[in-house]
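The primary structure of each chain is shown beneath.
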Amino acid sequence: MAKPTSFPPVYTDAFQQASENLRRTLPLINQHKTPVNPVNYAVWYEYVSGHNQALIDAIDTRLSKGETISNEINQYLYEKYVLMGMPEKLSQTNNGLRLVVDNTINYINRAESTAGDVANDLHKRQSILENCHDIDDIRDVLASILENTRKLTDSSLSLRQELADSTQEILKLRNELNAVKHQARTDSLTNLNNRGQFDKELSQLCQTGQVRFSLLLIDIDYFKEINDRFGHALGDKLLQYLASLLHKHCDDLHIAARYGGDELAMLLLHTTAEETHAIAESIRQSCAASRLKKKDSQESIGEVTISIGASLYQVGDTPIELIERADQALYQAKQSGRNRVQIWPTSTTAAELEQ
Ligand SMILES: Nc1nc2c(ncn2[C@@H]2O[C@H](COP(=O)(O)OP(=O)(O)OP(=O)(O)O)[C@@H](O)[C@H]2O)c(=O)[nH]1
């Protein structure tokens, strides 16, 4: 089962597929004379499973130059393309936050110590004043009190400024943290939810079992041919275009995600079978009606169609059961000619399912 990158990585390959990947991974690790450790294994596993396109491109570029994928390169690829640099970004934000907190504590300590010094000095002046009868001495005491008051004002003004700076810095870090969080659950190509986030949402829905919802699996027809004929970059644009169609059909109640390489998914919440069918049909028709052209040459890429398999949640369903039914429906849609919507079970009409 295809999977786009997500953080943390999610592996849903069935036993047989995972074993097949193991068989293909080990010779590659040996070929590059690197040890079979979790990092090297994860990199080559992602490579052979064919879902992490950015990682595949990075490795293929190196291989085409005759380079060896050494331990160090594996580590670099692992952090960049498997973990997607996320731990590093989180630790940067964390360090930034720690620095701001340290600085703020220092500002407050400094202001407190100035205030303490001033208070001590004022006490001293107070006792001098009690026994003081000379006008010059009184003037000296007053000058000193004024000086202390000025010090206190300066210190509280700079504390205010420093606290304002800290607040700004904390707001900036909060935005960065939100961006990292967004990135962790978003597919970078389509800007839809990534597979990890999709799995989380689906498993929550199944666990609570209280919301009526349905699942759409959406797959571009003959995508390999399109890639082969017009290039991978155009294929990527097409995926982005399809994602934008899903966005248009997504209200607050729905969740759209990149499920696998060329496969997108939608969870339609509080949606009946009739509504599920209508939404899926509308997406299918919008795609088929699009007249897409290559941007540079304006060459038409012809009709692009999609097939959609849908399944309706039934109380007690596990995510795997729901996905398998949608997968079967998608398979049926492909088998019966593509460019169509199929709801599982395929022999039952949407109206019957609703009863
Ligand atoms: N451009 C691009 N292609 C991708 C990406 N991920 C997967 N693919 C390609 O999607 C194609 C999927 O092909 P298949 O699922 O085998 O079949 P298909 O050609 O779509 O044909 P049907 O699904 O049977 O209609 C493969 O050629 C993959 O290389 C991606 O991120 N970008």
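Anything mentioned here points back to the structure above.
Below, the structure is looked at part by part. All values reported here derive from a predicted model rather than from experimental measurement.

## Things to note about the site of the ligand
Here is step 1: Surrounding the ligand, one finds 16 residues, the nearest of these being Tyr222, Lys224, Asp236, Arg258 and Arg338.
Here is step 2: Within the backbone of Tyr222, one N or O atom sits 2.9 Å away from an oxygen atom of the ligand.
Here is step 3: At 3.1 Å from a nitrogen atom of the ligand is found a main-chain nitrogen or oxygen belonging to His232.
Here is step 4: In isolation the ligand exposes 660 Å². Once the protein is present, 72% of that is buried.
Here is step 5: Those elements that place two or more of their residues in the shell around the ligand are strand S1 (213-220), helix H8 (223-230) and helix H9 (232-248).
Here is step 6: In the shell around the ligand, the residues fall into 4 nonpolar, 4 polar and 8 charged.

## Describing the pattern of salt bridges
Here is step 1: Enumeration according to the criterion identifies 15 salt bridges in this entry.
Here is step 2: With a closest N to O distance of 3.8 Å, Lys172 and Glu169 form a salt bridge. Pair noted here: Lys172 and Glu169 are both in helix H6 (residues 135-185), with a separation of 3 residues, about one helical turn.
Here is step 3: Note on Lys172: relative accessible area 45%, which makes it partly exposed.
Here is step 4: Classification of Glu169 by relative accessible area gives partly exposed; the value is 32%.
Here is step 5: For Lys334, the salt bridge goes to Asp221, with nearest N and O atoms at 2.9 Å. Of this pair, Lys334 sits in helix H11 (residues 319-335) while Asp221 sits in the loop between S1 and H8; the two residues are 113 residues apart in sequence, bridging distant segments of the chain.

Cut-offs and rules
- Residues numbered from 1 in each chain as written.
- Predicted model: local features only at pLDDT ≥ 70, side-chain atom pairs only at ≥ 80, totals over all residues.
- Heavy atoms only, no water.
- Near = heavy atom within 4 Å.
- Polar contact = N/O pair within 3.5 Å; in protein donor to acceptor, adjacent residues only side chain to side chain.
- Areas by Shrake-Rupley, 256 points an atom, 1.4 Å probe, with all protein chains shown as cover.
- Helix = DSSP H or I, 4+ residues; strand = E, 2+ residues; numbered from the N terminus.
- Nonpolar A, V, L, I, M, F, W, Y, C, P; charged D, E, K, R; others polar.
- Salt bridge = Lys/Arg side-chain N within 4 Å of Asp/Glu carboxyl O.
- Buried < 20%, exposed > 50% of the residue type's maximum accessible area, 1.4 Å probe, protein only.

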